[in-house]
Amino acid sequence: MAFYHGIQVQEKQTRVVAPVQVDSAVQVVVGLAPINMGSAVDPLVPQVAYSYEEAVAKMGMSDNHLSYTICESIKLSFATYNVAPLVMINVLDPTKHKQSKTTVSVSMLEGRAELPEEGVLLPSVQLTQSEQALAEGTDYSISFTGSGKALIERIEGGKITEQTATLKATYNVLDPESVTEDDIVAGVQKIREVYPRFGIVPGTLIVPGFSGKPKVYNAMTAKTQNLNGAFRYHCLVDLDTETVTSYDKAAAEKNKNGFTHENSSLFYPMVKVGDEIYHFSAIAGALIADTDYKNEGIPYVSLSNRPLKITGLCLKDGSEVVLDMEQGNALNKDGINTAINMNGWRAWGNRTACYPGNTDIKDCFIPCRRMYNWWANQFILSYFSKVDNPLNKRLIESIVDSENIKGNSWKQRYQAAEAKMVFEAEDNPETDLINGIVRVRMLFSPYPPAEQIWATVEYDTNALQTALV
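Cut-offs and rules
Residues numbered from 1 in each chain as written. Predicted model: local features only at pLDDT ≥ 70, side-chain atom pairs only at ≥ 80, totals over all residues. Heavy atoms only, no water. Phe/Tyr/Trp six-rings, centres within 6.5 Å; stacked < 30°, edge-to-face > 60°. Helix = DSSP H or I, 4+ residues; strand = E, 2+ residues; numbered from the N terminus. Buried < 20%, exposed > 50% of the residue type's maximum accessible area, 1.4 Å probe, protein only. Lys NZ or Arg CZ within 6 Å of the ring centre and 35° of its normal. 1 Å grid on protein atoms, 1.4 Å probe; cavity = no way out; pocket = protein on both sides within 12 Å on 5 of 7 lines; lining within 4 Å. Points joined across faces, edges and corners; volume = space filled by probe spheres on them. Patch = residues over 30% accessible without salt bridge, like charges linked within 9 Å, V, L, I, M, F, W, Y side chains within 5 Å. Areas by Shrake-Rupley, 256 points an atom, 1.4 Å probe, with all protein chains shown as cover. Salt bridge = Lys/Arg side-chain N within 4 Å of Asp/Glu carboxyl O. Pairing = 2+ DSSP bridges. Right-handed = clockwise from strand over helix to strand, strands pointing away.

**Q** Explain the packing of aromatic side chains to me, please; I cannot follow it from the model alone.
**A** The geometry of an aromatic ring pair is captured by the separation of the ring centres together with the interplanar angle, meaning the angle of the planes. Applying the stated criterion to the full structure yields nine aromatic pairs. Taking 4.4 Å as the distance between ring centres and 35° as the angle between the ring planes, the aromatic pair formed by Tyr217 and Phe259 counts as tilted. Of this pair, Tyr217 sits in helix 5 (residues 214-221) while Phe259 sits in the loop between helix 6 (250-257) and strand 13 (264-267), and the two are 42 residues apart along the sequence. The pair Tyr217 / Phe259 is uniform in exposure class, with both members buried. Note on Trp410 and Phe444: the rings are 6.2 Å apart at their centroids and 50° apart in plane angle, and the pair reads as tilted. In this pair, Trp410 is assigned in helix 11 (residues 393-412) and Phe444 in strand 21 (residues 441-445), connecting sequence segments 34 residues apart. On the basis of relative accessible area, Trp410 is assigned to the buried category, the value being 5%. Members of the aromatic cluster, connected to one another through ring pairs, are Tyr372, Trp374, Trp375, Trp410 and Phe444. Taking NZ or CZ as reference, Lys309 lies 4.8 Å from the ring centre of Tyr81, over its face. Here Arg351 stacks its cationic end above the ring of Tyr355, 4.0 Å away from the centre of that ring.

Spelled out as structure tokens, the structure:
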């Protein structure tokens, strides 16, 4: 040792690793957006937004959100529940999903006129007056109104000399109806791009308007246990209300289509907010994120019996659906979640789609299933940096001790009945260790929701006698 004279302080690396915070309820919505109004350079690339303004700037906004389904999640997440972030995967391709409009007559009033359709692709607009071509920026300007219509405005000094001129227009418009299930499936598969692009682990996957299709459902659930070779997520799925027009037909639709994956939750019917109709999955995703936020970001509380910001239930055609608790329970017993009006509108149902065929507590209760996904994801992110480190006792202790500190805090706050990690010799034979394989065991017991609370009432005759004698 080199000669030293004096005093020093040395620091030792902390053995307990600080966890990486995983947002348990990041919503990934796959669907259609009015991208003609958005700023995304490539509208088919996944986008992330942390505010309503950012989401609208990137993807556009339309009141016709049953056609432009991404707008449902934008409104409900940011304007209704104020939760973020939201990852948006648009499948509406302006180079493919479009219609051509030719020689449309446009009458100007006070130098202004609107094209009649929503979804106009502005670069495609060509205007003429009396067979004479007009130039944007010289003869007219074009922009979007708040309702999503293309607004043409006369420029003083240009070729449009009259405030009430009649023009002829040729242009292309988006065609949401031409989007196919295969387009949606291709969009769903882009969920694998979310973490590499944004460093965000998906919590819930939503595909409003299409998730009730078996091909789409199967694509949604295909990677729920192994996204990017590592992560887990949960799918929120709508039963098709055009097919299921009554609650008593819902179970048959579920069973016919094989909607029984443990990492999916089914919802029926659709919901109303004032005069607007939304798919249930879109508001369920926002409610789940809001519930997690109110519980320290830990998904141990069920969405069931949480206040739901709706004004009613309906089918896609707007027909009112009225369900009481008994009818809601009839859906719940088949693993289908809904809403009831009991001291205000509330989400109603705790079960994943695997119920009643699978009654394993970790699979059949939504909060338990999501807790398992959440712990798995945060474990992977917290200790990925440890992969390829020397396999020694210090490595094992740093992982086990860190997880047990977190697990004890969850137990103390009644967020889990047990959350413990152990390293057992029997799980780690010499043949594994010499090949660089180490195994730890996670003992995890999230609390199930108190789905039934019973009280027994009995007449106390002794009290009556005491009162009277």
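**Q** Any chance you could explain the layout of surface pockets here in plain terms?
**A** Over the atoms a probe the size of a water molecule is rolled, and this reveals where empty space is left. Of the voids in this model, the largest pocket is the one considered here, and its volume is about 570 Å³. Considering the residues around the largest pocket, the lining is formed by 23 residues, among which Trp348, Asn350, Ala450, Glu451 and Gln452 are closest to the centre.

**Q** I would appreciate a short explanation of a nonpolar patch on the surface in the present structure.
**A** Among the surface-exposed residues, Leu391, Phe423, Leu433 and Val438 lie close enough to one another that they form a single nonpolar patch of about 280 Å² accessible area. Within the secondary structure layout, Val438 lies in the loop between helix 12 (430-433) and strand 21. Val438 sits in the partly exposed class, given a relative accessible area of 34%.

**Q** Would you mind showing me how to read the pairing of strand 13 here?
**A** Looking down a regular strand, the side chains alternate between one sheet face and the other. Of the two faces of strand 13, the one carrying Ser264 and Leu266 and the one carrying Ser265 and Phe267 are both buried. When strand 12 (residues 234-238) meets strand 13, the two strands line up parallel, connected through four bridges. Bridge pairing in strand 13 places Cys235 opposite Ser264. The handedness of the strand 12 to strand 13 crossover, carried by helix 6, is right-handed. Two strands pair when backbone bridges link them, and strand 13 and strand 18 (residues 336-341) are joined in this way by two bridges, in the parallel orientation. Directly across from Phe267, in strand 18, lies its bridge partner Asn337.

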